[in-house]
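# A structural walkthrough
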Amino acid sequence: MAQEPVNRFSDDDHNDDEGSDGEPDLAAKHKITHRALGDLLHILCKKNPSLPKDPRTLLKTSTSITVKPIAGGLYHHFGISKGINQMLYPESIPGVNLLLQINIDGLPLFKSSKLQFWPILGMLDHKGLKQPFLIGLFAGNSKPQNLDEYMKDFVEEMKYLERVGLNFGDRHFQIQISAIICDAPARAMIKCCKPYNGYFDCDKCTQEGTWYNKVTFQETDATLRTDASFRDMLDENHHTDIPSPLLELDIGMVTQVPLDYMHLVCLGVMQCLLLYWIKGSLTCRLPSRSVLEISGRLLALAPYSPREFAHKPRALSEIDRWKATEFRQFLLYTGSFVLKDILSDTFYKNFVLLSVGMNILTSPRLCTHYVDYVRELLVFFVREYTQIYGHQEVVYNVHGLVHLADEVNRFGPLDNISAFPFENFLGKVKKMVRKPQHPIQQVARRISESQSLFRGSACDQNYPLLKMEHSNGPVPELFEVYNQYGQLFLPRFCITLDQENNCVLLNGEICIVQNLLAKHGQSEDIFLVVKQFAEVNDFFKHPLRSSDLGIHHVSNLKPELVVVSISRLNGKCALA
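It should be emphasised that the depicted structure is a prediction, and the values quoted were computed from it without experimental measurement. Residue indices follow the written sequence of each chain, beginning from 1 at its first position. Side-chain atom pairs in this predicted model are given and counted only at pLDDT of 80 or more, local residue features only at pLDDT of at least 70, and totals for whole chains, interfaces and linings cover all residues. Excluded from the side-chain calculation are hydrogens and water; included are all heavy atoms of the structure.

## A few points about helix H14 (residues 404-411)
- Most of H14 sits out of view: six of its eight residues are buried.
- Between buried and exposed lies partly exposed: a residue is buried under 20% and exposed over 50% of the maximum accessible area for its type, with that area taken using a 1.4 Å probe on protein chains only. Secondary structure elements follow DSSP: runs of H or I of four or more residues count as helices, runs of E of two or more count as strands, with numbering from the N terminus. For H14, the complete set of buried residues consists of Leu404, Ala405, Asp406, Glu407, Val408 and Phe411.
- Whether two residues are in contact is decided by their heavy atoms: any pair within 4.5 Å suffices. Buried residues in H14 make contact with strand S9 (171-181), helix H8 (261-279), helix H11 (345-361), helix H12 (367-389) and helix H13 (396-400).
- Note on H14: the residue one or two positions beyond its end, glycine 412, has a positive phi of about 85°.

## A few points about the packing of helix H10 (residues 324-338) against H11
- At a minimum axis distance of 9 Å, the contact between H10 and H11 shows a crossing angle of 140°. Relative to H11, the element H10 lies oblique. Relative to H11, H10 is oriented so that their crossing is left-handed. Contact with H10, carried on its side by Phe330, Leu331, Leu332, Gly335 and Ser336, involves Tyr348, Phe351, Leu354, Ser355, Met358 and Asn359 of H11 and no other residues of that element.
- Considered class by class, the residues forming the contact of H10 with H11 number seven nonpolar, four polar and no charged. Axis lines are fitted through C-alpha atoms, for helices just across the contact stretch, and the angle between N-to-C directions can take any value from 0 to 180 degrees. Angle categories: roughly parallel below 35 degrees, roughly antiparallel above 145, roughly perpendicular from 65 to 115, and oblique for all the rest. Handedness of a crossing is defined here by the sense of rotation of the near helix relative to the far one, left-handed for an anticlockwise turn of less than a right angle and right-handed for a clockwise turn. Charged residues are taken to be Asp, Glu, Lys and Arg, nonpolar residues to be Ala, Val, Leu, Ile, Met, Phe, Trp, Tyr, Cys and Pro, and polar residues to be all remaining types, Gly included.

## Concerning H11
- To estimate how far a helix should extend, the number of its residues minus one is multiplied by 1.5 Å. Given a rise of 1.5 Å per residue, 17 residues ought to cover 24 Å, and the 24 Å separating the end C-alpha atoms of H11 matches this to within 8%.
- With 14 of 17 residues buried, H11 lies mostly within the body of the structure.

## Let's talk about unusual backbone geometry
- Between tyrosine 463 and the following residue, proline 464, the backbone shows a cis peptide bond with an omega angle of -5°.
- Tracing the sequence through the fold places proline 464 in the loop between helix H16 (439-449) and strand S12 (465-470).
- A cis amide bond links histidine 542 with the next residue in sequence, proline 543, at an omega value of 5°.
- Turning to its location among the elements, proline 543 is positioned in the loop between strand S17 (526-538) and strand S18 (551-557).
- Although it is not a glycine, asparagine 213 sits at a positive phi angle of roughly 65°.
- As for its position among the elements, asparagine 213 is in the loop between strand S10 (210-211) and strand S11 (215-216).
- For asparagine 507, which is not a glycine, the phi torsion comes out positive at approximately 50°.
- Structurally, asparagine 507 can be placed in the loop between strand S15 (503-506) and strand S16 (509-518).

## Some details on the pattern of salt bridges
- What makes a salt bridge here is a side-chain nitrogen of Lys or Arg within 4 Å of a carboxyl oxygen of Asp or Glu, nothing more. The full count for this structure, using the stated rule, is 19 salt bridges.
- One salt bridge connects lysine 130 with aspartate 125, and the closest N-O pair in it is separated by 3.3 Å.
- Take lysine 130: its relative accessible area is 31%, and that puts it in the partly exposed class.
- As a salt-bridge pair, aspartate 203 and lysine 191 come within 3.4 Å of each other at their nearest N and O atoms. Placement of the pair is aspartate 203 in the loop between helix H6 (184-191) and S10 and lysine 191 in helix H6, with a sequence separation of 12 residues. When sorted by exposure, aspartate 203 lands in the same class as lysine 191, which is buried.
- A single salt-bridge network, built from bridges that share partners, covers Glu156, Lys159 and Glu248.

## Looking at the packing of H8 against H11
- At a minimum axis distance of 13 Å, the contact between H8 and H11 shows a crossing angle of 165°. With respect to H11, the axis of H8 lies roughly antiparallel. Pair H8 / H11 crosses with left-handed handedness. Where H8 abuts H11, its residues Tyr261, Val265, Val269, Met270, Leu273 and Trp277 lie against Phe347, Phe351, Leu354 and Met358.

## Remarks on the packing of aromatic side chains
- Only centres within 6.5 Å qualify two rings of Phe, Tyr or Trp (six-membered ring in Trp) as a pair; their planes then separate them into stacked at under 30 degrees, edge-to-face at over 60, and tilted for everything else. Here the structure, examined in full by the defined rule, presents 17 aromatic pairs.
- With a centroid separation of 5.2 Å and 55° between ring planes, the pair formed by tryptophan 322 and phenylalanine 327 is classed as tilted. Here tryptophan 322 matches phenylalanine 327 in class, with each residue buried.
- Each ring, one from tyrosine 385 and one from tyrosine 389, has its centre 4.8 Å from the other, and the planes form 45°; the classification is tilted. Of this pair, tyrosine 385 and tyrosine 389 are both found in helix H12, four residues apart, which corresponds to roughly one turn of the helix. Of the two residues examined, tyrosine 385 and tyrosine 389, each falls in the buried class.
- Taken together, the ring pairs in this structure connect Tyr276, Phe347, Phe381, Tyr385 and Tyr389 into an aromatic cluster.
- Directly above the ring of phenylalanine 420 sits arginine 328, whose terminal nitrogen or CZ lies 4.2 Å from the centroid. Whether a charge sits over a ring depends on NZ of Lys or CZ of Arg being within 6 Å of the ring centre and within 35 degrees of the ring normal.

Quick look at the structure:
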């Protein structure tokens, strides 16, 4: 099976952006402790007296950090303007409108303590600049007890930026929030809605839940909520008595607070399906030998897992440790392969409905043309899911699937409004805390030391980039004068000669790369030496042909070598 990958970034994927060549950037990048750096400086100063003896001087550590008590904890405001100025660089934005995504979530710090962070994160909603930054940081033993206090600095600064804009060099930008991306509990908190497991908790429609030992949603065509009805707080069953502080901003509280598929689908529906099959009721549970067979197939895929995937496939026995990216990888890539002929036909076809729908909604190439089709597909999935697993299992996450196509209509592919980059950044923030005392100050100091690491410097890299020159061949006739390389780096992916990363799509043909050729110093004149598969067929035909999604069953690799220009390269494939 080969599948054309879609560019996706995860909570564990990140580029190690290079700063300048100076020691401070290297010290911050490799997380060298002050004590270790101080000992190193003590030695180096004997050879170079101009070096500072104090690591805080070398790293330009901020010493003035204002922390104030609010909402049952402590808070430091880093600032929206400051964060945006860190991320921008000359000519990075062609127009005058600067779009901003916001994320709010809870982050537990220690297993032995209730201490937790509630950061307010921002991210520029522009290609090449999508790296989160801290706007505000709250620390306490629970979530903020007073939402107005917690969000006051953010709301006041955002109101000012909406009204006045932002100057960057000799340019002036209008600032606007494009989306606020949160999981369901955080959305309910910041919107001041009833708890997310309530009867009227759907963010997108007015459907009243039904009790089946838990709140479920049986309809798929209820009346949709609007920004106007939310601002007027017309549905008293949906709102709390206190209006959200976000109502002071120029933002649609329904249309611009989208559902996040990382939590809704990957950690929600996909995880539930796997748990049903592993240890659910007898009507849907698989025999233990079938679970072992699925795990064996997953482990067999590990040697072919491309480097763009955050994790290699793991066995189902480790499902409690799976990350969101692993559930996504199963849903979009490996699931349809490892479940085939093991799940019953009814269960398998239902899963494929979800997999196909999510493949389309996450694909920039497909989502625009097939969004209406996917809306009907996911509604059909939910109705069929109800019949298979029972009315009592159509909970909030399953119901949310019927609204995902509308989010794609507004924002484009689902990765445009995903929490994955924010979760990745939160992991970095957590690693900045080395002891329980003064956690906010620790993060603020680490941020001040490594500001250059959070800039969008990766987009300054010149592509294509060739590495690992060798002389092992094969080299067809007429190309003997070309240099040979083992790695080719492109903006979205990397091609190498090993089995994990050598399957590509060339003008619609699925090929295995045998060598990379280029004339020395001429990176624009690159050729791929490949072998092509002779047999390419559909892997499944329900609910549509898998080839429409870039999923194929391939066999019979031709022995002939073919030399193809890099200009014909369409994408990279995952081969299993």
